Amino acid sequence: MRKKLAKKLKAKKEAIEIIPELLKKSKGSYKKGNKRLSKVQSKKIKYLSMKYKLKLPKDLKRQLCKNCGSILIPSVNCRVRLNKGRLISYCMECKKFTRMPLK
Ligand SMILES: [Zn+2]
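Below: a short report on this structure. (Residues numbered from 1 in each chain as written. Predicted model: local features only at pLDDT ≥ 70, side-chain atom pairs only at ≥ 80, totals over all residues. Heavy atoms only, no water.)

## So, the overall build of the chain
Move 1: Per the secondary structure count, the chain includes 3 helices and 3 strands.
Move 2: When the helices and strands of the chain are read in sequence order from the N terminus, they spell out α-α-α-β-β-β.
Move 3: Expressed as lengths along the three principal axes of its C-alpha atoms, the size of the chain is roughly 50 × 35 × 15 Å.
Move 4: Every one of the 103 residues in the chain was classed for burial, and the buried ones make up 34%.
Move 5: Long-range contacts, defined as pairs at least 24 residues apart, comprise 42% of the intrachain contacts of the chain with a sequence gap of at least 6. (Helix = DSSP H or I, 4+ residues; strand = E, 2+ residues; numbered from the N terminus. Buried < 20%, exposed > 50% of the residue type's maximum accessible area, 1.4 Å probe, protein only. Contact = heavy atoms within 4.5 Å.)

## Considering the coordination of the zinc ion
Move 1: Surrounding the zinc ion are the protein donor atoms C65 (SG), C68 (SG), C91 (SG) and C94 (SG), at 2.2 to 2.4 Å.
Move 2: Note that the zinc ion binds 4 donor atoms; their angles at the metal cover 105 to 114°, and the shape is tetrahedral.
Move 3: When the donors of the zinc ion are listed by position in the chain, the intervening gaps give C-x2-C-x22-C-x2-C. With a gap of 26 residues between them, C68 in the loop between α3 (58-61) and β1 (78-83) and C94 in the loop between β2 (86-91) and β3 (96-101) connect regions that are remote in the sequence.
Move 4: Residue classification places C68 among the buried positions, given a relative accessible area of 11%. (Donors = N, O, S within 2.8 Å, 3.2 Å for Na, K, Ca; no water. Tetrahedral: all angles 85-135°; square planar, octahedral: opposite > 155°, others 65-115°.)

## Details of helix α1 (residues 2-31)
Move 1: For α1, with 30 residues, the first-to-last C-alpha span of 44 Å sits near the 44 Å given by 1.5 Å per residue.
Move 2: In the structure, α1 departs most strongly from a straight axis at I18, where the bend amounts to approximately 30° and where the proline P20 lies between one and four residues downstream.
Move 3: Inspection of α1 places A15, I19, L22, L23, S26, S29 and Y30 among the buried residues, and these make up the whole buried set.
Move 4: Next to the buried residues of α1 lie α2 (35-51) and α3.
Move 5: Once α1 ends, the next one or two residues include G33, with phi positive near 100°. (Expected span 1.5 Å × (residues − 1). Bend = angle between axes of the 7 residues up to and from the residue.)

## Notes on unusual backbone geometry
Move 1: Backbone geometry at S75 places phi at a positive 70°, although glycine is not the residue there.
Move 2: Position of S75 relative to the elements: it lies in the loop between α3 and β1.
Move 3: Notably, K95 is not glycine yet its phi reads approximately 55°, a positive angle.
Move 4: Mapped onto the elements, K95 comes out in the loop between β2 and β3.
Move 5: Here K95 falls in the exposed class, since its relative accessible area comes to 56%.

In short, geometric facts, not functional conclusions.
Pasting the structure below:
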């Protein structure tokens, strides 16, 4: 039983290390024009965070679309506006708004 728990913790640590790399890779592949690969990589971030119950930092969370899971790069595939103390980002992939309180 204890062995199983140690294995789980190890996998969690690996996931924490992998997430920033995945974000970089996803951005890179989007800029190269490979949108499909970029989406797979950015969706994996969400999958890992849900599987290992990781709380993603705010700045990382803002770079992912809540609706379609694609990576958001301002002025490339997303529009960012401020309104009434909220950050509103418009995803041009799925044409949905995401609102986040600023503080
Ligand atoms: Zn989207």
